[in-house]
Amino acid sequence: MAGSKMSLLLAVVLVLSVLLTGATHAGPEMDPYKILGVTRSASQAEIKKVYKRLAKEWHPDKNKNPGAEDMFIKITKSYEILSNEDKRANYDRYGQTDDTQPYSSGRYGHRHDSFYFDESFFNFPFNSKTHRDFADSKYTLHFNQYINDVVPDSYKRPYLIKITSDWCFSCIHIEPVWKEVVQEMETLGVGIGVVDVGYERRLANHLGAHRTPSILGVINGKVTFFHYAVAKEHLRQFVEDLLPQRLVERVTDKNDLQFLNSWHELNKPHVLLFDQVPVVPLLYKLTAFAYKDYLQFGYVDQGLSETANLQKQFNINTYAPTMLVFKENIDKPADIIQAKGMKKQIIDEFMSNNKFLLAPRLVNQKLFDELCPVKQFHRRRKYCVLLMTRDEETFSFGNQAFLSFASANTKEVVRFAYVYQRLQQPLCDILMQNKDSVVILERRNAAGKALFKPVTAWNGSEEDKQRLLDELERLQKDPSILIHDAMLPELNNEFASMFVIRWIYASYDYLSEVIDDILHNNWREMMPLLSLIFSALFILFGTVVIQAFRLLNVFAVGFSRPPKKNFVEVTELTDITYMSNLVKLRPGHMNIVLVLTDASKNILLSKFAKEVYSFTGSLTLHFSFLNIDKHSEWMNTLLEYAQDAMQIDADEDDGGDHKMDYTGYVLALNGHKKYLCLFKPVYTGEDLEGKSSEDEGATTGGRSRSSSRDDHPPRKSNRSRSISTLQIHHKLDRLGLWMERLMEGTLPRYYIPSWPGLDKITPCK
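Residues numbered from 1 in each chain as written. Predicted model: local features only at pLDDT ≥ 70, side-chain atom pairs only at ≥ 80, totals over all residues. Heavy atoms only, no water.

**Q** What's the story with the sheet that holds strand 21 (residues 675-679) in this structure? I'm lost.
**A** Strands pair in a sheet through their backbones, by hydrogen bonds, and they do so in one of two ways: parallel or antiparallel. Strands sit in the order 17-19-18-20-21-22 across an open sheet of 6 strands; the sheet is mixed. Among the strands making up the open sheet, the edge pair consists of strand 17 (570-572) and strand 22 (750-751). When strand 18 (residues 590-596) meets strand 19 (residues 621-627), the two strands line up parallel, connected through 7 bridges. Among the inter-strand pairings, L596 is bridged to a residue of strand 19, identified as N627. (Pairing = 2+ DSSP bridges. Helix = DSSP H or I, 4+ residues; strand = E, 2+ residues; numbered from the N terminus.)

**Q** Quick question: what am I supposed to make of the state of the cysteines here?
**A** By definition, a disulfide links the sulfur atoms of two cysteine residues through a covalent bond. If you walk through the whole model with that rule in mind, you get 2 disulfides. Paired by a disulfide, C168 and C171 hold their sulfur atoms 2.2 Å apart. Judged by the sign of its S-S torsion, about 90 degrees, the bond between C168 and C171 is right-handed. The disulfide bridge from C372 ends at C384, spanning 1.6 Å between sulfur atoms. Looking along the S-S bond of the C372-C384 disulfide, the torsion reads about -105 degrees, which is the left-handed sense. Note that C372 is positioned in the loop between helix 15 (365-371) and strand 12 (383-389) and C384 in strand 12, a separation of 12 residues in sequence. Owing to a relative accessible area of 3%, C372 belongs among the buried residues under this scheme. Overall, the relative accessible area of 2% leaves C384 in the buried class. (Disulfide = S-S within 2.5 Å. Buried < 20%, exposed > 50% of the residue type's maximum accessible area, 1.4 Å probe, protein only.)

**Q** Even after reading the chapter, I still don't get the environment of H264, so can you show me in this structure?
**A** Inspection of the secondary structure puts H264 in helix 11 (residues 263-266). In the structure, H264 is positioned 97 residues away from R361 in sequence and 8.8 Å away in space, judged by C-alpha atoms.

**Q** Mind showing me how you'd approach the environment of Q424 here?
**A** Of note, Q424 is situated in the loop between strand 13 (414-420) and helix 17 (425-431). Assessed through its relative accessible area of 2%, Q424 is described here as buried. Separated by 68 residues in the primary sequence, Q424 and N492 place their C-alpha atoms 6.3 Å from one another. Setting aside its immediate chain neighbours within four residues, Q424 contacts L362, V363, V419, L491, N492 and E494. (Contact = heavy atoms within 4.5 Å.)

**Q** Mind showing me how you'd approach helix 26 (residues 735-744) here?
**A** For an α-helix, the turn length of 3.6 residues means that residues three or four places apart are oriented alike. Those residues of helix 26 that sit buried are L735, G736, W738, M739, L742 and M743. The buried residues of helix 26 occupy one face: seen down the axis, they fall within an arc of 160 degrees. In the stretch just after helix 26, G745 is the one whose phi turns positive, near 80 degrees. (Arc of directions from axis to C-beta.)

**Q** Explanation requested: the pairing of strand 4 (residues 191-196) in the structure shown.
**A** Burial within strand 4 is extensive, with 6 of its 6 residues counted as buried. Residues G191, G193 and V195 point to one face of strand 4 and I192, V194 and D196 to the other, with burial holding for every one of them. Of the strand pairs in this sheet, strand 3 (residues 159-164) and strand 4 are connected by 6 bridges, and their pairing is parallel. Opposite I161, over in strand 4, you have G193 as the bridge partner. What joins strand 3 to strand 4 is helix 7 (residues 169-188), and the crossover it makes is right-handed. (Right-handed = clockwise from strand over helix to strand, strands pointing away.)

**Q** So what exactly am I meant to see when it comes to helix 4 (residues 68-82) here?
**A** Across its 15 residues, helix 4 extends 21 Å between first and last C-alpha, which sits within 8% of the 21 Å expected from 1.5 Å per residue. The buried fraction of helix 4 amounts to 11 of the 15 residues, a majority that puts the element mostly inside the structure. Taken residue by residue, helix 4 has A68, E69, F72, I73, I75, T76, K77, S78, Y79, I81 and L82 as its buried positions. (Expected span 1.5 Å × (residues − 1).)

**Q** I keep staring at unusual backbone geometry and nothing clicks. Help me out?
**A** Look at the link from T212 to P213: it is a cis peptide, with omega at -5 degrees. Note on placement: P213 falls in the loop between helix 8 (201-207) and strand 5 (214-219). The backbone of N267 sits at a positive phi, close to 60 degrees, despite the residue not being glycine. With respect to the element layout, N267 can be found in the loop between helix 11 and strand 8 (270-275). Backbone geometry at K674 places phi at a positive 60 degrees, although glycine is not the residue there. With respect to the secondary-structure elements, K674 resides in the loop between strand 20 (666-670) and strand 21.

What follows is the structure, given as structure tokens:
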């Protein structure tokens, strides 16, 4: 019995132990206050200060203690709880941290400043016992290194760069994915870089990276930021999107001849990759970008029925990727490589050995420097056999014969090339002094010095081939046969005409970058761009406004423009010119009409020309005269229409039955808007400071009057009386001031319903 009780007691103790252990594990995993060493009443500033000190002390890169990784995770997690008021209040109230699972297995995503972090992709190395074996120091970039090495190299391969810092917890999140991506991209030839903003703030600002972590790509010297979830597939696609879209052409049975025959136009060998996958492999795209200046690339999808004839023609093995290089002969590949797992090193060697055609055309200085390099050592001499020809049909036989001769060449020290005389005339003028179109040359220095020997006036005959072969054999034994020397000019860039197309592509890429920045960057990063845009718009708007006011001023104030002629063109207003000079006058234009008689014509026209000459620079003013002896009825009808003007005349009339004298009147007629402005003269006699001559509704009457002075005899108002020349001359004394007010728009306007006809001539009475 005692044994049974003892067994029962042990069982109870065991159960309680298990329950207590479970309860212990079910409780909170850690106390963030104890880990950070702060009290429950600590402020956010105190918590932050302690966190920075502990994070620096326990960072795994600084602290080699085996438990540093776990401690650093606890410190960071504690700070994450206590720095968030909601999480801190939840812990203070319930003793919970809102995490029922280990931190690394959370199934939610956080959006950070630069991109999304999906924690389901991450398995933190700090949670394991082994230390991180991935060192960013291998890829650390400095400002000068970036400018001098990375930017030039980015024209051959893209770069993937991470922006990080020592105390960036989010940087730890992305590190496992970053490590995996770097290992893959580096084997494909992608450049890798890491910028620590704590040590390279200048480079980070230069790249436009204002937050950590950030990931960006650099290609052709242009920076593009990554804005998506940090996953291997997304980063791989990001690198692929950095590459230009026109690198690799899809080739089928329909366009294979067109693709291969373009070798002559592009002056490049053509590469075809046969593979089973429907998409072009990233390694092939990267290779195409690296050798885009030397080779043209095409891709054949073996899974398509449209490529069956190509596979059969070149006897392609469907079990392994196959790469063919075609040069001048499109029926037979010049080189071939086939392997299941093509490595970058093998492909690079294959491309380097096939960068040039058998006899390429020298189209620029860069190609000339690579084909015919400058002599460096005696045993590394390179000779060039150069054919100077034309692209006409008559030279095709000789050109083909030269290509055939070059194809049979087996000497590594001899390169064959040709130039078109019309495109490289300066070079041909120097080398063809003896009219021989084939020369052998050796470049001696980069300044252009070369030794050469003319061989033959090439026409492709067997004698020419034999003569060239003999000279090459002599050259191999005795290099001193190159007896001529010359300073060669720099070759013309025959593809320079493609600049416009390159500029369009560059503009498109720049606009795409700007749109991408607008969609993803924050306002602080966008401030320089926005400032530039608004400054440009302000300057443009200011220029337009100033120009608009200037034009408005020119049209409104005609005398601001100097006269173009040294005379005034005045036409007579008759029934013939009436329609064009008044009724159908263009909008904004005015006709200034002087009213005169046969007797006063010469005097008034002379005075009229002097007064209005300074206004002839305006393009909106026209000048005419109306003979009142012929068209008095038109004048009366016009003023009847303009009732305000007639009211002025009626007020100034003394009630007599005499006929109105309109001599010296000036009418400003706006044919489009149907209004007129009226100038009425004043007889001033010898008193030139008399009355005003502007029509403001207060001018004197239209008929002749005396000045009513005692020392002057009274003048009769009858038209039959002779008016002195002096009086007629002074009728237009105030016309210049009236014209200024006309251009300012301050004169009264008299509107009429319609212009009266000018088809009748008043009979003389």
